[in-house]
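# Geometric and topological summary
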Amino acid sequence: MKYTSIIFLTHSYWPRQLKIGLQGDVTDPRTNSFLHILDILPRLQKLPKYILLENVKGFEMSSTRDLLIQTIENCGFQYQEFLLSPTSLGIPNSRLRYFLIAKLQPEPFPFQAPGQVLMEFPKTESEHPPKYAINAEKKTEEKKTGPKICFDSSTQCSGKEAILFKLETAGEIDRKHQQDSDLSVRMLKDFLEDDIDKHSFFLPPKSLLRYALLLDIVKPTSRRSMCFTKGYGRYIEGTGSVLQTTEDVQIENIYKSLTSLSQEEKIMRLSMLQLRFFTPKEIANLLGFPPEFGFPEMTTVKQRYRLLGNSLNVHVVAKLIKILCD
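Residues numbered from 1 in each chain as written. Predicted model: local features only at pLDDT ≥ 70, side-chain atom pairs only at ≥ 80, totals over all residues. Heavy atoms only, no water.

In the nomenclature of an unreviewed UniProt entry, the protein corresponds to tRNA (cytosine(38)-C(5))-methyltransferase from the organism Bos indicus. What UniProt records for the protein under Sequence similarities (unreviewed entry) is the sentence "Belongs to the class I-like SAM-binding methyltransferase superfamily. C5-methyltransferase family." (UniProt positions renumbered as here; feature names shortened; annotations may be inferred.)

## Overview of the packing of aromatic side chains
Applying the stated criterion across every chain yields a total of 10 aromatic pairs. An angle of 50° between the planes, with centres 6.3 Å apart, marks the rings of F82 and F111 as tilted. Of this pair, F82 sits in strand 3 (residues 77–84) while F111 sits in the loop between strand 4 (97–104) and strand 5 (116–118), and the two are 29 residues apart along the sequence. There is no split in this pair, since F82 and F111 are both buried. Taking 5.3 Å as the distance between ring centres and 85° as the angle between the ring planes, the aromatic pair formed by Y232 and F277 counts as edge-to-face. With Y232 in the loop between strand 7 (217–218) and strand 8 (242–244) and F277 in strand 9 (residues 275–277), this pair connects stretches of sequence that are 45 residues apart. Taken individually, Y232 and F277 each receive the classification buried, so the pair is uniform in this respect. Three or more aromatic residues link up through ring pairs in this structure, and these residues are F228, Y232, F277, F278 and Y305. Above the face of the F121 ring, K319 is positioned so that its terminal group lies 5.4 Å from the ring centre. (Phe/Tyr/Trp six-rings, centres within 6.5 Å; stacked < 30°, edge-to-face > 60°. Helix = DSSP H or I, 4+ residues; strand = E, 2+ residues; numbered from the N terminus. Buried < 20%, exposed > 50% of the residue type's maximum accessible area, 1.4 Å probe, protein only. Lys NZ or Arg CZ within 6 Å of the ring centre and 35° of its normal.)

## Quick notes on the nonpolar core
Ranked by internal contacts, the top residues of the largest apolar core, which has 33 residues, are L215, Y255 and F278. Formed by 18 residues, the second largest nonpolar core is a distinct cluster that contains I69, C75, L100 and A102. (Core = buried A, V, L, I, M, F, W, Y, C linked by side-chain atoms within 4.5 Å.)

## Digging into unusual backbone geometry
Both trends apply: most residues other than glycine have a negative phi, and most peptide bonds are in trans. For S257, which is not glycine, the phi dihedral falls at a positive 60°. Within the secondary structure layout, S257 lies in the loop between helix 5 (251–255) and helix 6 (263–270). What makes S257 partly exposed here is its relative accessible area of 44%. The phi torsion at Q274 lies on the positive side, around 50°, for a residue other than glycine. As for its position among the elements, Q274 is in the loop between helix 6 and strand 9. By relative accessible area, which is 30% here, Q274 ends up partly exposed.

## Brief notes about the environment of T71
Mapped onto the elements, T71 comes out in helix 2 (residues 63–74). Looking at T71, the relative accessible area reads 9%, which means it is buried. Sequence separation between T71 and D39 is 32 residues; the distance between their C-alpha atoms is 8.4 Å. Sequence-distant contacts of T71, that is, excluding residues within four places in its chain, are made with L38, L41 and P42. In terms of polar contacts, T71 uses its side chain to reach the backbone carbonyl oxygen of L67, at 2.8 Å. (Contact = heavy atoms within 4.5 Å. Polar contact = N/O pair within 3.5 Å; in protein donor to acceptor, adjacent residues only side chain to side chain.)

Here is the structure:
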């Protein structure tokens, strides 16, 4: 068997928890291992033929990224950067990540767009670069002002988008409807387990009360889901979607005038949705792990969520490797 040298780097080398503009970037101790690789790379007697790097969105605007590009250019690598999500492969899960592929060769990639981060996979070698791209040299982002919170569609929010039900703007709801109407993306039901104890994954009443207006609720027929993080199952806000298992219940009717109800009435109404967490196996399915994949029996559900939250989408990485090695 012929082996090919390849360096595969992941986002653990960059402080992902801190917001852009606040992170220590190259001065943060957590980048030391990555900076060490960049330091020794030019001094290797034999350079790797390929490099594949994954990181969180935002890395493309960091000084660490600039040092990476400078280093691999000096070493003679041709490279291309991407911001990709599994939805581009028809997988109903948003997991936007930064990727870089680099090859030790004199000629550029057929699809190479210097200084740009491509937002989709290249189609074929003969096609022009994708038109949806961002400038990798741009270091500042427009400040985004969050919508003013209104709990009823009749409430007037001067100068802001009106919130309908839940803490969602009309634009956010429209975006979700568009995602669910995208027939190029499969339905979530293709990734769900058939025989599970649903009750063990139901959201507890306390969580329903506290986070009712923040939940990202999807159905088996939905063609979208949020990125699942390592805090899924323990924390609610921003860690991933929850599944509505009673598909015949209209969520709009459940949330109508919800804030005016007593706690007991709220729990009774929200319980009609039968909301549950996705199981670790279902998240693994969305991440592209093979059907035979499993965890050791002694691994707790909490540990499984943590491991999956720090994982990669297998299909996205596989396609990038194929592009890199062709």
